[in-house]
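Survey of secondary and tertiary structure
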There are 2 protein chains.
Amino acid sequence: MSSEATEERVLAAVGERRELVNAAIDEDLPMAEPERLYEAARYLLKAGGKRLRPTVSLLAAEAIADVAPLSADYRSFPAVDDTEVDVMAAAVSLEVIQSFTLIHDDIMDDDDLRRGVPAVHKAYDTETAILAGDTLYSKAFEIMTETGARPEHGLEAMRMLASTCTQICEGQALDVQFESETDVLPEEYLDMVEHKTAVLYGAAAAIPAILLGADDDVVEALYNYGIDSGRAFQIQDDVLDLTVPSDKLGKQRGSDIVENKETLITLHARQQGLDVDALVDSESVETVTEAEIEDAVARLEDVGSIDYARQTAHDLTEQSKERLDVLPDNEARDLLCDIADYLVTRGY
Amino acid sequence: MSSEATEERVLAAVGERRELVNAAIDEDLPMAEPERLYEAARYLLKAGGKRLRPTVSLLAAEAIADVAPLSADYRSFPAVDDTEVDVMAAAVSLEVIQSFTLIHDDIMDDDDLRRGVPAVHKAYDTETAILAGDTLYSKAFEIMTETGARPEHGLEAMRMLASTCTQICEGQALDVQFESETDVLPEEYLDMVEHKTAVLYGAAAAIPAILLGADDDVVEALYNYGIDSGRAFQIQDDVLDLTVPSDKLGKQRGSDIVENKETLITLHARQQGLDVDALVDSESVETVTEAEIEDAVARLEDVGSIDYARQTAHDLTEQSKERLDVLPDNEARDLLCDIADYLVTRGY
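Rules of the game
- Residues numbered from 1 in each chain as written.
- Chains lettered and ligands numbered in written order.
- Predicted model: local features only at pLDDT ≥ 70, side-chain atom pairs only at ≥ 80, totals over all residues.
- Heavy atoms only, no water.
- UniProt positions renumbered as here; feature names shortened; annotations may be inferred.
- Helix = DSSP H or I, 4+ residues; strand = E, 2+ residues; numbered from the N terminus.
- Rg over C-alpha atoms; globule rule 2.2 N^0.38 Å.
- Buried < 20%, exposed > 50% of the residue type's maximum accessible area, 1.4 Å probe, protein only.
- Contact = heavy atoms within 4.5 Å.
- Areas by Shrake-Rupley, 256 points an atom, 1.4 Å probe, with all protein chains shown as cover.
- Lys, Arg positive; Asp, Glu negative; His and termini not counted.
- Charge placed at Lys NZ, Arg CZ, Asp CG, Glu CD.
- Buried area = accessible area lost by both parts, 1.4 Å probe.
- Salt bridge = Lys/Arg side-chain N within 4 Å of Asp/Glu carboxyl O.
- Axes fitted to C-alpha atoms, helices over the stretch in contact; angles between N-to-C directions.
- Parallel < 35°, antiparallel > 145°, perpendicular 65-115°, else oblique.
- Nonpolar A, V, L, I, M, F, W, Y, C, P; charged D, E, K, R; others polar.

Named according to an unreviewed UniProt entry, chain A is Geranylgeranyl diphosphate synthase, type I originating from Halogranum amylolyticum. You can read under Cofactor (unreviewed entry) in the UniProt record for chain A the words "Mg(2+)". The UniProt entry for chain A carries the following text under Sequence similarities (unreviewed entry): "Belongs to the FPP/GGPP synthase family."

1. Topic: the overall build of chain A
On a plain count of helices and strands, chain A comes out with 15 helices and 4 strands. Relative to the globule expectation of 20 Å for 348 residues, the C-alpha radius of gyration of chain A, 20 Å, shows essentially globular dimensions. Along the three orthogonal principal directions, the C-alpha set of chain A runs to about 60 × 50 × 35 Å. Taken across its 348 residues, chain A has 59% of its residues classed as buried. Taking as baseline every contact in chain A between residues at least 6 positions apart, the subset at least 24 positions apart corresponds to 72%. Looking at chain A as shown, the accessible area adds up to about 13,400 Å², and 45% of this sits on carbon and sulfur atoms. Charged side chains of chain A number 29 positive and 74 negative; the gap between the two group centres comes to 3 Å.

2. Observations regarding the interface of chain B and chain A
Taken residue by residue, the interface counts 36 residues in chain B and 36 residues in chain A. For the pair chain B and chain A, the two sides together bury roughly 3,200 Å², of which 72% comes from carbon and sulfur. Counting the surface chain B buries against chain A, the share from its top three residues, B:Met108, B:Leu131 and B:Leu155, is 17%. Counting the contacts that link chain B with chain A gives 2 salt bridges.

3. Topic: the packing of helix H14 (residues 305–323) of chain B against helix H15 (residues 331–345) of chain B
All names here are of chain B. At a minimum axis separation of 9 Å, H14 and H15 run at an interaxial angle of 170°. Classified by the angle between their axes, H14 and H15 sit roughly antiparallel to one another. Contacts between H14 and H15 involve Ala313, Thr317, Glu318, Ser320 and Lys321 from the first element and Cys337, Ala340, Asp341 and Val344 from the second. Grouping the constituent residues of the contact of H14 with H15 by class yields 4 nonpolar, 2 polar and 3 charged.

This is how it looks when you write it as structure tokens:
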């Protein structure tokens, strides 16, 4: 199958659900007092986003229930035990968590822009941004209590949501820590990526399974599907930073190596004995030349580091799709496989 | 009963439980990787604190179960429905939430000191402090899922914990907003205080009742006990700021009026037509004189504003104690009443 056809199917699946997800976000996280706080909290959610994680949640529910995509009401979705579950609330909860992490990450990294608009701490102020993030955090937990699932399943979903948030914090702390270390092992880097990025995909895929009362092996398979594809996604991001032209990337190509940010690629290259610190002379993305980047990429290619990253992402993607074999063979499952492929084949 | 005897009983009750609570915090929030993150997250909890909220939780459990104080194991406490509940985990969870709010509040207010040690963002850095707070936030939710209570009660406790956190954020945002407004009504101020401070006392008292399977009227009574006494506590804080000598207060007496911070007292005085903005000429706590403060306090006394605050705190305290009439008459209930009294009679 061509990656264009995969991308088309994924974007269609996401597009078909985006309006539903956006409406649900508005319902489950309505404007409230104090107004400025809730405006700031809702600001990034209003600014856009593909809604990839909510789509994963909704498709996971459909794959488990073995129903045709978009045929059942996400707000009263048929559980395995004949109760009805608001899987949309779970999807919203995870998107709200994602938004909270973006707001706080942007403060920590002092990033000015997010989704093409000023970051929340720039559009408002740092105090409001901290508080807006904190509000989204608790709102996500509030929303997750309202799925109508059986209490033991609801509580188990809360447990996964909470431990996922803890792991995201740990991942962010590791990321900061690794910035000042050059002897990080590729395995440690992958562990950081898992904490920082992949666990939220894992939770997005597994929480609907928990809420619907699916068997433990289904919950675990979906969780690992999310972990594997989330890791692949992040590694592919590192590859794209080096291989996609700046104009398509929307930022200077090779910014990671200019800014001495360690990735799976540079860590592998170090293991091959390459002097990664000497790859580019320029010290800022403003002064680096395209020739410098070309040369650096060629040297990373020579020691096999870019292929290593590509291969790792590819293997993780294949593994993530195999995880889904426990699910019934249906259209929703196929779309989850397409999403895994899309995460590593997307051009930028 | 004298307030000295009350204080003695409260400090004894708190003291008898502090080591248990501290040991439980260490168990439920152990050191983990990345080390620096968990050191920062545990730093304020290690720096001290009375453990008043956990004590409220533990006493509430004992009052409901009608057992002698300290006679039952807090880790496997007898519930109404014969299951066993880890009420200590709930107490720890609430203390962890309290610690998270202090860390983020100190960043927002750029306060240097907390509990006699540098604030977390000073001892570490702002990025680490944001992340340490975020980690405590999710850890509190994780801990609350592990009480062993019946799932429907566990889920209900999570619901109250989440909505409590949302309200704390709303209260903090209102507090910031009110700093730039002079036409805040006393009722609005009390509403802010309820959100910012009192809801955590409400949750500390009510969550054990939820977990133990107590009747709804008991849950509600304990929640309102916490709300009323928490509001009284905050109002008393405002009175103490004006009436306790600086050396006992540990900071400049009257700092609220010097820094133009609105309190129930100033808002009441404004309603009486007093020009609150002209109460002191000095614009910083470094330059203000004791005579200026004396004079300002006298003028606030003249219009009855300090008495109004004292009376409001007193009425709320009486109301909070009456709420407990639904509980069996026992020593733990008496101690909860003592705590309500202590919150408004403590000298500083």
